[in-house]
Amino acid sequence: MYVPKPFMPEDADVRDLLTGLGAADLVTMTPHGLQATLLPFEYDPDTGELGSLIGHMARANDHWRGPVQGEAMVIVHGPQAYVSPTWYATKAEHHRVVPTWNYVVAHVYGQLVVHDDPVWVEAQMRRLTDRHEAASAEPWSLDQAPAKYVEGQGRAVVGVEVVISRIEAKAKLSQNQPAQNVEGVMAGLEARGRGDDMAVAAAVRAHRRHSATS
């Protein structure tokens, strides 16, 4: 990944991105070429030196059968948003401005391990469900579904785990712009308020506060 120095995130920011991840793209090279599947993942920090990403996929999806050649990669996307040059204060001064895209992303590399084990799969399904249901006033759990039904659903999937060997991450949050332009980016994103705009504005603001105190 191309990561200019201003866009290199702190290790803590990368951990936060992995801890809060939703769905991410699992990409592997196989004898049949590149294979990619979008999967919901959980970050397990206690596996190996860098942790692992755990999930499950449909048994009918041949992606898990591999065989994988080399490392697997998981592309973890944070918030992203279009940045209009009209938000830059310097536009009024010289008009030497262009649009850009702000985003946070991590490429997570490691060994792909398949868990064709109903106990492992059920534990992963519970962990994933519990995290995403935690904010609900009435959280749903696997125990609310009939046990036989859950057992059947578990047999229809296999567990996958990427044991992390390295991470390349990038946080492009207008760090290469002067302060007055950064203010304009935050105001513009918040005023537009669509999609990930508010999340990107918050990330820009948090990074600016961190830079000011470091």
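Residues numbered from 1 in each chain as written. Predicted model: local features only at pLDDT ≥ 70, side-chain atom pairs only at ≥ 80, totals over all residues. Heavy atoms only, no water.

You'll find the protein chain entered in an unreviewed UniProt entry as Transcriptional regulator, with Streptomyces monashensis given as the organism.

S.K.: Would you mind going over the pattern of salt bridges in detail, with residue names and values included?
M.R.: By the definition in use, this model includes 11 salt bridges. Note that aspartate 143 and arginine 126 form a salt bridge whose closest N and O atoms lie 2.8 Å from each other. Linking aspartate 143 in the loop between helix 3 (118–133) and helix 4 (147–155) with arginine 126 in helix 3, this pair joins segments that are 17 residues apart in sequence. Arginine 205 is paired through a salt bridge with glutamate 190; the nearest N and O atoms lie 2.7 Å apart. Taken as a pair, arginine 205 in helix 6 (residues 197–213) and glutamate 190 in helix 5 (residues 179–192) lie far apart in primary sequence, 15 residues in all. Taking relative accessible area as the criterion, arginine 205 reaches 33% and is therefore assigned partly exposed. A residue is classified by how much of its surface remains accessible, and glutamate 190, at 34% relative accessible area, is partly exposed. (Salt bridge = Lys/Arg side-chain N within 4 Å of Asp/Glu carboxyl O. Helix = DSSP H or I, 4+ residues; strand = E, 2+ residues; numbered from the N terminus. Buried < 20%, exposed > 50% of the residue type's maximum accessible area, 1.4 Å probe, protein only.)

S.K.: Now, about the pairing of strand 4 (residues 52–58): what can you tell me, with residues and values included?
M.R.: Counting buried positions along strand 4 gives 6 out of 7 residues, so the element sits mostly inside the fold. The pairing of strand 3 (residues 42–44) with strand 4 spans 3 bridges and is antiparallel. Bridge pairing links glutamate 42 to isoleucine 54 in strand 4. As paired elements, strand 4 and strand 7 (residues 157–172) share 7 bridges and run antiparallel to each other. (Pairing = 2+ DSSP bridges.)

S.K.: Now, about unusual backbone geometry: what can you tell me, with residues and values included?
M.R.: The amide bond that connects glycine 66 to the next residue, proline 67, takes the cis arrangement and shows omega of -5°. For proline 67, the position within the fold is in the loop between strand 4 and strand 5 (72–83). Non-glycine residue serine 174 carries a positive phi angle of around 65°. Structurally, the position occupied by serine 174 is in the loop between strand 7 and helix 5.

S.K.: Can you tell me about the pairing of strand 7, naming the residues and giving the values?
M.R.: The pairing of strand 6 (residues 100–115) with strand 7 spans 13 bridges and is classified as antiparallel. Each bridged residue has a counterpart across the sheet, and for alanine 106 the counterpart in strand 7 is alanine 169.

S.K.: I'd like a description of the sheet that holds strand 5, backed by residues and values.
M.R.: Overall, antiparallel pairing links the 7 strands, which are arranged 2-1-5-6-7-4-3 in an open sheet. For this open sheet the edge positions go to strand 2 (33–40) and strand 3, each flanked by a neighbour on one side alone. Across this sheet, the average inter-strand angle for adjacent strands is 35°, counted without regard to direction. When strand 1 (residues 23–30) meets strand 5, the two strands line up antiparallel, connected through 3 bridges. From the neighbouring strand, leucine 26 faces strand 5, where its bridge partner is valine 74. Here helix 5 sits on the sheet and contacts strand 5 and strand 6; the angle it forms with strand 5, its principal contact strand, is near 90°. (Axes fitted to C-alpha atoms, helices over the stretch in contact; angles between N-to-C directions. Contact = heavy atoms within 4.5 Å.)

S.K.: How would you summarise helix 3 if you had to cite specific residues and measurements?
M.R.: A rise of 1.5 Å per residue sets the reference length of helix 3, with its 16 residues, at 22 Å; its end C-alpha atoms lie 22 Å apart and thus fit the reference within 8%. Buried within helix 3 we find Val121, Gln124, Met125, Leu128 and Thr129. Taken down its axis, helix 3 places every buried residue within 125° of arc, on the same side. Considering only its buried residues, helix 3 is in contact with strand 2, strand 3, strand 4, strand 6, helix 4 and strand 7. A side-chain oxygen of the first residue of helix 3 lies 3.0 Å from the backbone nitrogen of valine 119; this N-cap is aspartate 117. (Expected span 1.5 Å × (residues − 1). Arc of directions from axis to C-beta. Polar contact = N/O pair within 3.5 Å; in protein donor to acceptor, adjacent residues only side chain to side chain.)

S.K.: Just give me the short version of the packing of aromatic side chains, but keep the residues and values in it.
M.R.: The relative placement of two aromatic rings is captured by the distance of their centres and the angle of their planes. This structure, assessed with the given rule, holds 1 aromatic pair. Sitting over the face of the ring of tyrosine 109, arginine 166 holds its NZ or CZ atom 3.8 Å from the ring centroid. (Phe/Tyr/Trp six-rings, centres within 6.5 Å; stacked < 30°, edge-to-face > 60°. Lys NZ or Arg CZ within 6 Å of the ring centre and 35° of its normal.)

S.K.: Could you give an account of the nonpolar core, with specific residues and numbers?
M.R.: Residues Leu26, Phe41, Leu53, Val74, Val76 and Val108 are the most contacted members of the largest nonpolar core, which totals 39 residues. Secondary-structure elements contributing two or more residues to this core are helix 1 (11–19), strand 1, strand 4, strand 5, strand 6, strand 7, helix 5 and helix 6. With 6 residues, the single largest contributor to this core is strand 7. Not counting residues up to four positions away in its chain, the partners in contact with leucine 53 are Leu21, Phe41, Glu42, Tyr43, Val74, Val76, Val108, Val160, Glu161, Val162 and Ile164. Among the nonpolar cores identified, the runner-up in size contains 6 residues, and Met125, Leu142, Ala145 and Val157 belong to it. (Core = buried A, V, L, I, M, F, W, Y, C linked by side-chain atoms within 4.5 Å.)

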